[in-house]
Amino acid sequence: MPRVAIATTISRVFASASCLLVVALIALPVIATRSLVQDLVFIFYMFTLAQFWNLLAGYAGLVSVGQQTFVGLGGYLLFALTVMVGLDPLAAILLSGIIAAVLAVPTAFVVFRLQGAYFAIGTWVMAEVYRLVFAQVKQLGGGTGTSLPPMVTNSVVGIDWIRQALDLRTPAARDVLTYWAALAVAVGSALAIYLVLRSRRGLALAAIRDSNAAAQSVGVDIFRAKLWIYIFAAAGTSMVGALIYLQKARISPDAAFSVLDWTAYVIFIVVIGGIGTLEGPIIGVMVFYLMQTYLAGFGSWYLILLGTLAIATMLFAPKGIWGHFSQRTGVLLFPVQRRISTSVGPRHRRTTVLRDPLETCANEKM
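Anyway, here's the lowdown on the structure attached to this text. (Residues numbered from 1 in each chain as written. Predicted model: local features only at pLDDT ≥ 70, side-chain atom pairs only at ≥ 80, totals over all residues. Heavy atoms only, no water.)

1. Quick look at the overall build of the protein
Piece 1. Across its full length, the protein holds 17 helices and five strands.
Piece 2. Dimensions of the protein, computed from the C-alpha atoms along their principal axes, are close to 70 × 50 × 40 Å.
Piece 3. Looking at the protein residue by residue over its 366 residues, the buried ones come to 48%.
Piece 4. Sequence separation of at least 24 residues holds for 73% of the intrachain contacts in the protein that already meet a minimum separation of 6.
Piece 5. Entry remark: accessible area of the protein is about 17,700 Å², with carbon and sulfur atoms responsible for 66%.
Piece 6. Between the mean site of the 26 positive side-chain charges and the mean site of the 14 negative ones, the protein shows a separation of 9 Å. (Helix = DSSP H or I, 4+ residues; strand = E, 2+ residues; numbered from the N terminus. Buried < 20%, exposed > 50% of the residue type's maximum accessible area, 1.4 Å probe, protein only. Contact = heavy atoms within 4.5 Å. Areas by Shrake-Rupley, 256 points an atom, 1.4 Å probe, with all protein chains shown as cover. Lys, Arg positive; Asp, Glu negative; His and termini not counted. Charge placed at Lys NZ, Arg CZ, Asp CG, Glu CD.)

Okay, here's the thing in structure tokens:
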């Protein structure tokens, strides 16, 4: 009897290894230096931002250059909820994601009226609108920004326990707490995105990416699917933004809504690693981290090298490093395609991969 399968032997082995890796990363602060912990926090939140942008552009076809909207929004919501309302920063991170999801609805109704390049420019314009709005809020520092008071950064739930358990000073204990929060957000986001892509909603996204008209012809509600995924990415990106500015403890409109820091670098990570693949951002963020660590001292040449690498990748490996590798080897660590496996004999099995999401959408009656 034929059956539909998604996981492969390699993906099951990788899932087991990933669980062991996560356990090791949880225990790492016990023996790691403070600088290593801070570097890993940077890797975690850039990886998460890349995963959400990849979800929008690589799977839903929404090429946004304005995701700094939600990074800045999350950072400012963190400051507003902790300084003005008095919430604990960890609770403020979760609440900032919910508020950002609500604000993403009217934002989406504006930018979704645009298509293609106009959509990309429209998202950038919306980021500038948010930047100008928060620059007028005097309680949050206006155009010059503000800093989190020590009473907020030093009173996060769990800092006292970490300080006593690991025998650390308060700043180092705060870094460890931020590290664990960043790890939780990175792992949780990757898992949530993977489950979405394996679901019927993921099939709808792939169908929309390939052809709006064809997806609509098999019953996909295009606007609803795009709106849902835009809100989902906005909530996740805002939580990452709140976490970033909890670590930095200072915010300003120009830094929070920077297109270079929170969108251009993220696009570079996804393009280098492989757009439309969950493995791509993992490869891309490691390449970006190594280049930033060892080449940032070259000044403007650093940006030239980033651009040169991105252009070379698009010319010679359009699907990115992982996409090129996977195309040649067939290896998938996060498989989302449906495979029909049919038993031919007692010891033989034939497998057919359904590569067309429109076909699968029609079969599952999206």
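2. Regarding the environment of S155
Piece 1. Of note, S155 is situated in the loop between α6 (150-153) and α7 (159-166).
Piece 2. For the pair S155 and T107, spaced 48 residues apart in sequence, the C-alpha separation works out to 34 Å.

3. Some details on the side chain of K226
Piece 1. Mapped onto the elements of the fold, K226 is located in helix α11 (residues 222-248).
Piece 2. In contact with K226, other than residues within four places in its own chain, are A60, L62, F112, I208 and N212.

4. A short note on the packing of aromatic side chains
Piece 1. According to the stated counting rule, one finds 20 aromatic pairs in the structure shown.
Piece 2. Taking 6.2 Å as the distance between ring centres and 15 degrees as the angle between the ring planes, the aromatic pair formed by Y76 and F257 counts as stacked. Of this pair, Y76 sits in helix α3 (residues 68-84) while F257 sits in the loop between α12 (253-256) and α13 (259-273), and the two are 181 residues apart along the sequence.
Piece 3. A centroid spacing of 5.9 Å and a plane angle of 90 degrees characterise the contact between F112 and F223, whose relative ring orientation is edge-to-face. With F112 in the loop between α4 (89-111) and α5 (117-134) and F223 in helix α11, this residue pair connects regions lying 111 residues apart in the sequence.
Piece 4. On the accessibility criterion, F112 (13% relative accessible area) is buried.
Piece 5. What makes F223 partly exposed here is its relative accessible area of 39%.
Piece 6. Taken together, the aromatic side chains of F42, Y45, Y245, W262, Y265, F268 and F288 make up a single cluster linked through ring pairs.
Piece 7. A cation sits over an aromatic face here: R201 above W228, 4.1 Å from the ring centre. (Phe/Tyr/Trp six-rings, centres within 6.5 Å; stacked < 30°, edge-to-face > 60°. Lys NZ or Arg CZ within 6 Å of the ring centre and 35° of its normal.)

5. Here's the deal with the packing of helix α14 (residues 280-295) against helix α15 (residues 300-316)
Piece 1. At a minimum axis separation of 10 Å, α14 and α15 run at an interaxial angle of 155 degrees. With respect to each other, α14 and α15 are oriented roughly antiparallel. When you trace α14 past α15, the crossing you get is right-handed. Residues V287, F288, M291, Q292 and L295 of α14 lie in contact with α15, whose contacting residues are Y302, L305, L306 and L309.
Piece 2. Residues that form the contact of α14 with α15 fall into these classes: eight nonpolar, one polar and no charged. (Axes fitted to C-alpha atoms, helices over the stretch in contact; angles between N-to-C directions. Parallel < 35°, antiparallel > 145°, perpendicular 65-115°, else oblique. Left-handed = near helix turned anticlockwise from the far one by under 90°. Nonpolar A, V, L, I, M, F, W, Y, C, P; charged D, E, K, R; others polar.)

6. As for the packing of α3 against α5
Piece 1. In contact at an axis separation of 8 Å, α3 and α5 are set at 25 degrees when each is read in the N-to-C sense. Taken as axis vectors, α3 and α5 run roughly parallel relative to one another. α3 and α5 meet at a crossing whose hand is left-handed. Contacts from Q68, T69, L73 and Y76 of α3 reach α5 at T123, W124, M126, A127, Y130 and F134.
Piece 2. Partitioning the contact of α3 with α5 into residue classes produces seven nonpolar, three polar and no charged.

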